[in-house]
Structures are given as structure tokens and as C-alpha cells.
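# A closer look at the structure
This is what each chain is made of:
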Amino acid sequence: MAASGLHLLVLPGKCCSSFLPSKSPILSSNAILRYNTTESSPTIKKVDAVATSSLMDFGLYVAECMPKYVQKVQIVTGNELEVLVAPDGIVPVLHFLKDHHQCQFASLADIGAMDVPSRENRFEIIYNLLSLRFNSRIRVKSYTDELTPVDSCYEVFKAADWYEREIWDMYGVFFANHPDLRRILTDYGFEGHPFRKDFPLTGYVEVRYDDEVKRVVVEPVELAQEFRKFDLSSPWETFPNLRTLPAGTEEDLKATQTGPAKQ
Amino acid sequence: MGCTSHFTVVPRRWLNDTDKSTMTIVNQDTSLGILINSYSRAGFRLSNGMMAIGPIAIFPKSVLSWDVNTAEDINEESLSLFYTLEPKIDILVIGVGNPGQQVSSKIIQYMKEKHISLEISPTETACATYNFLNAEGRCVAGALIPPTQYRISEDDIASTKRRNRDMMKVDDFPIV
């Protein structure tokens, strides 16, 4: 890394930097340059090809170990491994990832869901796992529709308790064998599942205090003004440096069912 | 017996001489109405000292025995009391007994048409839900069926013994 007109020299590992006048070019090979750099833009995440390929190898290993349930393995946004499984295989795959010696994903970071109404199985259930031993993360994704229950993974990860309650409350996905599946975020008499795409932003009911009956009453929602949808796109280009970046594509590494994908 | 008392901690300002925090047990506050202290296979113990045997319909100021066998047997007639009351209740908390029991979906639909919100859950959680909804001051009624399976803690066994006045007796098979 060569540069001229160096203003600030920052050496990693030291807390203080020396402020040099512009004529003295003392550089160390791991200096981070702030100005006049010939490097590509530092705001774009660099893809580490070695890490990505070892991640892919691990994903293929998981697919080999659980061939009955794993349907697809993909790497998204450069360094996130996703394993797509059939809904019957959620608990076996999670059990494998938690207990197998080469995996040891003992921490369940999150369970989320996604509603894509155009699909037949409209809900996607997403489990984010973290391995403390190997310092890596993995995502297990599965799918279901409105009526089919999914097996709860409470016996594998105790942390799944409230996450699954949240998904039941917000999406209406029923978890079989859950110890206590009831609402967690919505009000007690609330009807509907708010995170579904067909549930409106304003909701269906509103609450107000009625002085006549001296209680809080629930009434159908009435908007004082029409609902406004703002168009937030600006006529000016916001990222001129990224003009030449390609749009997200899905690339197949091999002829098998696996491959990296940028989404 | 399961216990469902609730505790509220009210810290006083440290400028006071006493410098103490206070704690009030919601179930002991009689102004909030009748709350459920504990439940068992037989029935429910209420905060006004009464014990109700069998399924109950509970309101802030009164409690009635409810003529229903299991959760599946709940029909329009058994819920007729709740929607004919004035002032109309906000929420009806239904305790179905054991966790697996279902209430028929026709009944749920029926109550929706009558504009009564339902909160259906196993009795263990329904008792607590009724308690704190009442303590918050909402118009809530409870329709509770005693559970046959529930978790017992050592504390429950001890308080039962204390009530039966045989704390000193060592029991091989504690009956709750």
C-alpha cells in the first residue's frame, strides 16, 4: 500500500497515533490509510474466498450427514451459511447441529419467520444458531403454511420457548409439543396475527377511553385523514461509487443442489 | 396446589427515615375483588377465604359454580351468562383444565359474534391471567375448570401442610 500526502498514521494494536507533517512518509505494512488511497472503497465488505469456501465445505458436510431432510445449502451475502430443510426435519437437524462434535451450535440466537403470501407454504421459519466453540453462525430455514403445525424445538433449545410464542402470536404458526403456547406481545383479547402481510398497518380496531361508561372501549379503527403512502426514492443517485456493482445473482458452484447465492 | 399470588414492590424514597422498600401482595388487597389464590384437582381457593369446588365462573365481586364437565362440553348455554351480563365484560378468560384440551371452534366464533374477547389457555395460566387482569381494573370474567395434571412445587406441599396443620408429620406420599 503506497500513498503520498499522508496525514494520519494508524497502527493497529497501539492506542495512540503520531500526527506527522505531510512530508514524512513513514509507513508500516499494515497501516490503514485514510486519504488518497488506491484501495477500492472501504465501505464495501470484502469477500474472503478462503473463508467462504470452508463455510461451503461445512455446509456440504451437514447436507451429507442429514441427507433425508436437507434440501439446499446456500451462502448469502458473502459469508452467511444457510441450510434449507423440510419441516419434518427441523428438530433432527437442530439436534444434529447442537450435539454433533464437529458442529456444536449450542446457542440459539433467534427464531424468526417470514410471510410470503404468494407461496403455497407462505411462512418461512428461520433459526439462527451460533457456535461458541468454532465461532461461527449458521441459519436453518424451513417452511409451513397457515394450517400445518411445526414441531417445537423446545427440547433441543430451551430458549425457543418465547421465540416460538412470538411467532405463534405474530404469524399464527402453531408449534406442536410446545410447553405453553400462548400470546406474548398482543393484548389479551386481540384477534389476528399482526405480522402477516395481509394484516393492515393501522390494524382493525382502536382503543379509547369512553367517559360515559368510564372504561376503555374497543372500536373499529377510524383514521382522521386518509392513509398516506410516501414515496421515499430520491431523484438523485445516492451511491455513485457503487454504480458498477452487479445486482444479486444466484451462482451454482457445482451441478449438485448447492451453491452460493447473493440475495 | 398451585399458587397464583402476585407481589408488587413499591420502593420508598431513600430520604425517609425508614429507608425501606415496601411490598404489597395483590391477592391480599380486598379492594380489587375476588382473586384466585390457588387451584387443585378439586377446586379453587379464593382470596376472600372461600373454597370453590369444581368448575367456577368467577367475577370481580362474585363467584358461581359452573355446570360444565370438560372443555369440549362448553356450549352456547354454558357461556350464556357471560354475554348477558351488564356492563359487558371485556375479556372472558377460559381455563380449559389440562393443556391439551380444546374448546370447539364454533363456540369461539359464536362468542366473537357476541363481541366478547376470549382468552383460552390451560387453567394454570388462566388463573394468573384472570388475577392480573382484575388487578389492572379491566372488566374480566373467568370460566375455570380445575386441572387434573399440574406441576407441584415443594412450597405448595409445605403450604398445604400448614393449612392442614400437620407440618410436623412426615409423609411418605404427600397428598395434595
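See the structure shown above.
Residues numbered from 1 in each chain as written. Chains lettered and ligands numbered in written order. Predicted model: local features only at pLDDT ≥ 70, side-chain atom pairs only at ≥ 80, totals over all residues. Heavy atoms only, no water.

## Description of the overall build of chain A
Here is the rule we go by: Helix and strand assignments follow DSSP, with helices taken as H or I runs no shorter than four residues and strands as E runs no shorter than two, numbered in order from the N terminus. Exposed residues in this analysis have more than 50% of their type's maximum accessible area, buried residues have under 20%, and partly exposed residues fall in between, with area computed by a 1.4 Å probe over protein chains only. Any two residues whose heavy atoms approach within 4.5 Å at even a single point are treated as in contact. Only the protein chains shown count as cover for residues, and all accessible areas are computed by the Shrake-Rupley method using a 1.4 Å probe.
From N to C terminus, chain A includes three helices and ten strands. Counting from the amino terminus, helix and strand elements in chain A follow one another as α-β-β-α-β-β-β-β-α-β-β-β-β. Counting the 263 residues in chain A, one finds 33% classified as buried. For chain A, contacts bridging at least 24 residues in sequence account for 46% of all contacts bridging at least 6. Accessible area for chain A stands at about 17,600 Å²; split by element, carbon and sulfur atoms hold 56% of it.

## Brief notes about the overall build of chain B
For chain B, the count of helices and strands is four helices and eleven strands. Going through the 176 residues of chain B one by one, you find that 40% of them count as buried. Counted over contacts in chain B with a minimum sequence separation of 6, partners at least 24 positions apart contribute 62%. Accessible surface, chain B: about 10,300 Å² in total, of which carbon and sulfur atoms supply 53%.

## Thoughts on the sheet that holds strand E10 (residues 117–121) of chain B
To summarise the sheet geometry, strands pair through backbone hydrogen bonds and adopt either a parallel or an antiparallel arrangement. All names here are of chain B. We count it as follows: For two strands to be treated as a pair, DSSP must find no fewer than two bridges joining them. Helix axes are fitted only over the stretch in contact, all axes being lines through C-alpha atoms; the angle between N-to-C directions runs from 0 to 180 degrees.
Pairing within the open sheet is mixed, and its five strands lie in the order E8-E7-E11-E9-E10. With partners counted over all chains shown, the strands left at the sheet margins are strand E8 (63–65) and E10, one partner each. Here the average twist between neighbouring strands, direction ignored, is 15°. Pairing of strand E7 (residues 56–58) with strand E11 (residues 140–144), which is carried by three bridges, proceeds in the antiparallel orientation. Bridge pairing in E11 links alanine 57 to alanine 143.

## Focus: the packing of aromatic side chains
Under the convention used in this document: Two rings belonging to Phe, Tyr or Trp (six-membered ring only in the last case) form a pair when the distance between their centres is within 6.5 Å. Interplanar angles under 30 degrees mark stacking, angles over 60 mark edge-to-face geometry, and anything in between is tilted. Note on criteria: charge over ring means Lys NZ or Arg CZ within 6 Å of the ring centre, with the direction from the centre no more than 35 degrees off the ring normal.
Inspection of the entire model under this criterion finds twelve aromatic pairs over all chains. Seen in terms of ring centroids, Tyr188(A) and Phe132(B) are 5.9 Å apart; in terms of plane orientation they differ by 50°. Their pairing is tilted. Residue Tyr188(A) is found in the loop between strand E7 (175–176) and strand E8 (205–210), and its partner Phe132(B) is found in helix H3 (residues 123–136); the two belong to separate chains. Residue Phe132(B) is classed as partly exposed on the basis of its relative accessible area, which comes to 27%. An aromatic cluster is defined as three or more aromatic residues linked by ring pairs; in this entry it consists of Phe58(A), Tyr61(A) and Phe105(A). Of note, Lys158(A) hangs over the ring of Tyr154(A), and the distance from its end group to the ring centre comes to 4.8 Å. The ring of Tyr83(B) carries the charged tip of Lys114(B) above its face, separated from the ring centre by 4.6 Å.

## A short note on the side chain of Glu124(B)
All names here are of chain B. Filter applied, for reference: Each polar contact in these results corresponds to two N or O atoms within 3.5 Å; when the atoms are within protein, one needs to be able to donate a hydrogen and the other to accept it, and residues that are neighboring in sequence are counted only if both atoms are side-chain atoms.
Structurally, glutamate 124 can be placed in helix H3. Side-chain polar atoms of glutamate 124 contact the side chain of tyrosine 39, separated by 3.2 Å. Beyond its immediate stretch of four places on either side in the chain, glutamate 124 contacts Tyr39, Gln149, Tyr150 and Arg151.

## Focus: the environment of Ile53(B)
Residues and elements named next belong to chain B. As for its placement among the helices and strands, isoleucine 53 is situated in strand E6 (residues 51–53). In this structure isoleucine 53 comes out as exposed when scored by relative accessible area, which is 57%. The contacts of isoleucine 53, once residues within four sequence positions are left out, are Ala42, Gly43 and Ser65.

## Section: the interface of chain B and chain A
Under the convention used in this document: Two parts placed together each lose some accessible area under a 1.4 Å probe, and the buried area is that loss summed for both. Any Lys or Arg side-chain nitrogen found within 4 Å of a carboxyl oxygen on Asp or Glu counts as a salt bridge.
With 15 residues of chain B at the contact, the number on the chain A side is nine residues. Taking both sides of the interface into account, the surface hidden between chain B and chain A amounts to around 950 Å²; carbon and sulfur atoms contribute 47%. Remark: the boundary between chain B and chain A carries three salt bridges. Our enumeration of links across chain B and chain A arrives at four residue pairs in polar contact (both at pLDDT 80 or more). Elements that contribute at least two residues to the side of chain B that touches chain A include exactly E10 and H3 of chain B. The greatest single-element share of the side of chain B that touches chain A, amounting to four residues, is contributed by H3(B).

## Here we look at the pairing of E11(B)
Residue and element names in this part refer to chain B. Counted residue by residue, E11 has five buried out of five residues, so it is predominantly covered. Residues of E11 alternate between two faces, with Val140, Gly142 and Leu144 on one and Ala141 and Ala143 on the opposite face, all of them buried. Inspection of the sheet shows strand E9 (residues 91–95) paired to E11 by five bridges, in the parallel sense. Bridging from a neighbouring strand, leucine 92 pairs with alanine 141 of E11.

## Comments concerning the environment of Phe199(A)
Residue and element names in this part refer to chain A. You can see phenylalanine 199 is positioned in the loop between E7 and E8. Judged by relative accessible area, phenylalanine 199 falls into the buried class, the value being 14%. Sequence separation between phenylalanine 199 and asparagine 241 is 42 residues; the distance between their C-alpha atoms is 38 Å. Non-local contacts of phenylalanine 199, meaning those with residues more than four positions away in its chain, are made with Phe190, Glu191, Gly192, His193, Pro194 and Tyr204.

## Observations regarding a nonpolar patch on the surface
Residues and elements named next belong to chain A. Heads up, the condition is: By definition, no residue in a patch forms a salt bridge, and every one has over 30% relative accessible area; like charges are joined within 9 Å, nonpolar side chains (Val, Leu, Ile, Met, Phe, Trp, Tyr) within 5 Å.
A surface patch of nonpolar side chains, amounting to about 610 Å² of accessible area, comprises Tyr204, Val205, Val207, Tyr209, Val216 and Val218. Those elements that place two or more of their residues in the nonpolar patch are E8 and strand E9 (215–220). In terms of residue count, the dominant contributor to the nonpolar patch is E8 (three residues). Within the secondary structure layout, tyrosine 209 lies in strand E8.

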